[in-house]
Amino acid sequence: MGFSHQQNENRQLLRRQIRAWLKSGVWDQGQWFATTTGTSQGGVLSPLLANIALHGMETRIKQAFPKTWNAQMKGHIQPPHLIRYADDLVGATRCRML
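First, a word on what this report is: a plain description of the structure on this page. Because the structure is a prediction, the values reported are computed rather than measured.

Examined bridge by bridge, strand β5 (residues 81-85) and strand β6 (residues 88-92) share 5 bridges and lie antiparallel to one another. When the sheet's bridge partners are listed, Ile 83 is paired in β6 with Val 90. In this antiparallel pair of consecutive strands, β5 and β6, the connection spans 2 residues, and Ala 86 shows a positive phi of 55 degrees.

In structure tokens:
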């Protein structure tokens, strides 16, 4: 599946904004500290990055486990039911093969 020119521009903009945010540093007790790697624990960027990662994981899980016929089980394998809340992802399934 291809992406439109606008979608590619939006992705590039988002990447630039995240990169700038990661390099912006941290204020702690009135002092500024440069950041060299990652994001601070509890920072405002952390949930955004978690949800970007979870979105990718959710997409891959849905692609990997579509509703399919299983001859051995003589029935359909239901894909896992995925529940997202904030920066958490829970998967539930009845099939032990998954």
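Before going further, it helps to spend a moment on a nonpolar patch on the surface. Taken together, Leu 14, Trp 21, Val 44, Leu 48 and Ile 52 make up a surface patch of nonpolar side chains, about 440 Å² in accessible area. Contributing elements (two or more residues each) for the nonpolar patch: α1 (5-22) and α2 (45-64). Structurally, Trp 21 can be placed in helix α1. On the basis of relative accessible area, Trp 21 is assigned to the partly exposed category, the value being 42%.

A few words on α2. The end-to-end C-alpha distance of α2 is 29 Å, a good match for the 28 Å that 20 residues give at a rise of 1.5 Å each. Buried-residue contacts for α2 involve α1, β5 and β6.

Time to look at a positive patch on the surface. A contiguous patch of positive charge on the surface is contributed by Arg 11, Arg 15, Arg 16, Arg 19 and Lys 23. Within the element layout of this structure, Arg 19 appears in helix α1.

With that settled, consider unusual backbone geometry. The phi dihedral of Gln 29 falls on the positive side, at around 50 degrees, and the residue is not glycine. Topologically, Gln 29 is positioned in the loop between β1 (26-28) and β2 (31-33).

This part is about the side chain of Glu 58. By the element assignment, Glu 58 lies in helix α2. Within the local environment of Glu 58, its side chain forms a polar contact with the side chain of Arg 84, the two groups lying 3.0 Å apart.

Criteria and thresholds
Residue indices follow the written sequence of each chain, beginning from 1 at its first position. It should be noted that, the model being predicted, local features are given only for residues of pLDDT at least 70 and side-chain atom pairs only at 80 or more, the latter also being counted only at that level, while totals for whole chains, interfaces and linings use all residues. Water and hydrogen atoms were dropped before computing side-chain values, which therefore reflect all heavy atoms in the structure. Two strands qualify as a pair provided DSSP detects at least 2 bridges between them. Under the scheme used here, helices are H or I runs from DSSP no shorter than 4 residues and strands are E runs no shorter than 2 residues, and both carry numbers assigned from the N terminus. Excluding any residue in a salt bridge, patches collect residues exceeding 30% relative accessible area, merging like charges within 9 Å and nonpolar Val, Leu, Ile, Met, Phe, Trp and Tyr side chains within 5 Å. Here the accessible surface of atoms and residues is derived via Shrake-Rupley with a 1.4 Å probe, and residues count as covered only by protein chains that are part of the display. Any carboxyl oxygen of Asp or Glu within 4 Å of a side-chain nitrogen of Lys or Arg constitutes a salt bridge here. Residue burial is assigned from relative accessible area. The probe radius is 1.4 Å, only protein chains are included, and a residue is buried under 20% of its type maximum, exposed over 50%, and partly exposed in between. Expected helix span is computed as 1.5 Å times (number of residues minus one). The contact criterion used is simple: two residues touch if any of their non-hydrogen atoms lie within 4.5 Å. The charge count treats Lys and Arg as positive and Asp and Glu as negative. His and the chain ends do not count. Note that the charge is assigned to NZ on lysines, CZ on arginines, CG on aspartates and CD on glutamates. Polar contacts, as used here, are pairs of N or O atoms within 3.5 Å; protein pairs need one atom able to donate a hydrogen and one able to accept it. Residues neighboring in sequence count only if both atoms are side-chain atoms.

Remember that the coordinates give geometry; whether it matters functionally is a separate question.
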